[in-house]
Amino acid sequence: MDFTCTNYANTVPCSTNHKYAPLQTPISFRATVLKRNKKSSSMRVSNFAAASGAESSVNGAIARRSLSATKETESRALQSGKSSSAMEQLDIERGVCVPFRKYSPETVRSKVLESKGAILSLILRGVEIVWNLGFYWSSLMYDFLVGRDEEVVPFRARQLRNLLCDLGPSFIKAGQVLANRPDIIREDYMNELCILQDDVPPFPNQVAFNIIEEELGQPLEAVFSKISSQTIAAASLGQVYRATLRDSKEDVAIKVQRPQIEPIIYRDLFLFRTLASFLNGISLQKLGCNAELIVDEFGEKLLEELDYTLEARNIEDFVENFKNDPTVKIPRVYKQLCGPRVLVMEWIDGIRCTNPQAIKDGGIDVNGFLTVGVSAALRQLLEFGLFHGDPHPGNIFAMRDGRIAYVDFGNVAVLSQQNKQILIDAVVHAVNEDYAEMAYDFTRLGFLAPGTDVSPIIPALEAIWQNSSGKGLSDFNFRSVTGKFNQLVYNYPIRIPERFSLVIRSLLTQEGICFTLKPDFKFLEVAYPYVAKRLLTDPNPALRERLIQVLFKDGVFQWKRLENLIVLAKENVAKMSTNPAFQVKDRQSTRNWQFDRKLDLTDTIKDGARLFFIDEGIRRQLLLALTEDSKLHIQELVDVYRLVESDIDIPSVAVEVVRDFPTVVRDLILSWSESVLADR
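Residues numbered from 1 in each chain as written. Predicted model: local features only at pLDDT ≥ 70, side-chain atom pairs only at ≥ 80, totals over all residues. Heavy atoms only, no water.

A few words on the pairing of strand β6 (residues 251-257). The buried fraction of β6 is high, at six of seven residues. Pairing between strand β5 (residues 238-245) and β6: seven bridges, direction antiparallel. In the strand pairing of β6, glutamine 239 is matched with valine 256. Linkage of β5 to β6, two consecutive antiparallel strands, is achieved through a turn of five residues, within which lysine 249 is found at a positive phi near 65°. Strand direction decides the pairing type here: β6 and strand β8 (residues 342-346), joined by five bridges, are antiparallel. The residue of β8 that forms the bridge with valine 252 is glutamate 346. (Buried < 20%, exposed > 50% of the residue type's maximum accessible area, 1.4 Å probe, protein only. Helix = DSSP H or I, 4+ residues; strand = E, 2+ residues; numbered from the N terminus. Pairing = 2+ DSSP bridges.)

Shown next, in the form of structure tokens:
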């Protein structure tokens, strides 16, 4: 089949050890909250868990940074009356540092001004931008003055899309970002920019072949026995060819960067930031941050798109993350053939994921394929913290053996351990209907500026969540929730950080694909079992803390919620015990694939026993749960045991508890000594 790659030339930084390092924080699960009042709000600080031996990472792809460096960074950010630079603020929000940064305002300035004729080029380009954008703005003002601003919105939105296309690749990329930024533009304009096409006429083949030879350091015919005479896709930053390797006879995709694109990008970024400096006042009022910060966030991503070696490393990270997952196919990257302007990767020959009939004809179960896809997406987001930011239909395929395949790893984003934990906190607060804490989670994630009064936002969050969740799973979908959320962020000083705009776009795009394959698809019905399994079995102690928060509501133990979690988790294990999308009768090819066959609760039980002995508060709550309403809840305990009886290996659990007994005793003594010292 033809290889489809609508946005194949999109590239965003990879989250590997060459790129990001998480900002580690003190070992504590308990948030330290500085109370705020209406007149003088102080920043709410949370210490996130980084428990030894259980800290999550992108499978070794994210390097660690020292705790002392983190404290210094955070202390700088928290000093009253002093603000961090835009780049430092971005690092703190992300929970990562960037030791080798391609973008900085100083770098852009020096790159632009050192070139010949720089001043004249800047003046001419600046006049072009200001003239076109100024004319468009004056049209909007005229519409407003004559009272027709609402009725001409569709026309003005199309006009904006065409204008961005005419202004070149930097503006096309900016438009694609704005299509996911309801904090900056209205939803009707966003909908128009969502169809903003990155397609442009291809540059000549000979120019592309010369670039490939320059990067490879040898003639094309020495490496490839065949290469397509027509481009498979052409975009604003590059274009794609199909070729065959001479030595191995393998089919590959070659991505080639557009010539002389880098100076154009640098020049436009310099002008973007210059114009942004005049908009800081408006941006602070509407978004709670400087306009320059938004440009820096965009510029950092855009410049990294120009280095295809980063995309090659992204692919390597994904291969590492999914190496033991028999339901996901990640193409191989030929690192020795890649360079800053050329990327060579394995050709994926699969079925477009928007063609349900072709998927069925290929012997693939559509419902099973949807389960595989949702599980893969959630693993990227919640387990690895490294996720595909642009999973549109041209970037996802169904393989003949039922696996889901991804291509185009340029638009990849990272969530730090800190960010993942706050996201889980937000989910827990939503489940427990704690909307005040959910609003503070937005501050911790960077949606709200530190010190922002969240009291007006709390009722709006409550209305959105109750209206969406009150209908039940049958009517819940991300698009309806996102639509209401878009109105919230447009009306309040909320900024959506770039990485979370990618999360939102990724979830919406994949939900749309699911609806194409199965119109009555229920995303949460597939997602809940995976989340339940994660809460019950994940080795990260931070999730153990969240599990306890889920099981207690208003100090009361939720027996039914625990039973539901176990049932859902077992459902996920049962579905994924084989590839649920694979229908072919001959399963010999799956004999070496490793699947989980049962729900392993050994670590969860062991940690629960430890908490019971050393945490007086938890011990008291659990004892109260067993004796609530002046009666022993033996039957509830028996019901829970029956649910997990077949999944628990009692001898193994006993061995683990005995082996861990010295540690429990030590922790118990330490806890007791701390309480004694505290009393004195």
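Judged by side-chain polarity, Leu113, Ile119, Ile123, Val127 and Trp131 come together as a nonpolar surface patch covering roughly 550 Å² of accessible area. Among the structural elements, tryptophan 131 can be located in helix α4 (residues 118-145). (Patch = residues over 30% accessible without salt bridge, like charges linked within 9 Å, V, L, I, M, F, W, Y side chains within 5 Å. Areas by Shrake-Rupley, 256 points an atom, 1.4 Å probe, with all protein chains shown as cover. Salt bridge = Lys/Arg side-chain N within 4 Å of Asp/Glu carboxyl O.)

Another point: the layout of surface pockets. One number sums up the size of the second largest pocket: a volume of about 1700 Å³. If you go around the second largest pocket, you meet 47 residues; those closest to its centre are Ala426, Val427, Ala430, Trp465 and Phe478. A per-element tally of the lining of the second largest pocket places helix α21 (residues 523-537) first, with eight residues. A class-by-class count of the residues in the lining of the second largest pocket yields 38 nonpolar, four polar and five charged. (1 Å grid on protein atoms, 1.4 Å probe; cavity = no way out; pocket = protein on both sides within 12 Å on 5 of 7 lines; lining within 4 Å. Points joined across faces, edges and corners; volume = space filled by probe spheres on them. Nonpolar A, V, L, I, M, F, W, Y, C, P; charged D, E, K, R; others polar.)

Hydrogen bonds between backbone atoms are what pair the strands of a sheet, whose relative direction is either parallel or antiparallel. Ordered in space as β7-β12-β11-β9, the four strands form an open sheet in which the pairing is mixed. If you trace the sheet from one side to the other, it starts and ends with β7 (328-329) and β9 (351-352), each paired once. The sheet contact formed by strand β11 (residues 396-398) and strand β12 (residues 404-406) spans three bridges and is antiparallel. Across the sheet, alanine 398 pairs through a bridge with isoleucine 404, a residue of β12.

Attention now goes to the packing of helix α3 (residues 105-113) against helix α10 (residues 261-276). Two elements in contact, α3 and α10, have axes separated by 9 Å at closest approach and are oriented at 120°. When the axis of α3 is compared with that of α10, the two are oblique. Taken as a pair, α3 and α10 cross one another with a handedness that is left-handed. Facing α3, whose interface residues are Pro105, Val108, Arg109, Lys111 and Val112, α10 presents Glu262, Tyr266, Arg267, Leu269, Phe270 and Arg273. (Axes fitted to C-alpha atoms, helices over the stretch in contact; angles between N-to-C directions. Parallel < 35°, antiparallel > 145°, perpendicular 65-115°, else oblique. Left-handed = near helix turned anticlockwise from the far one by under 90°. Contact = heavy atoms within 4.5 Å.)

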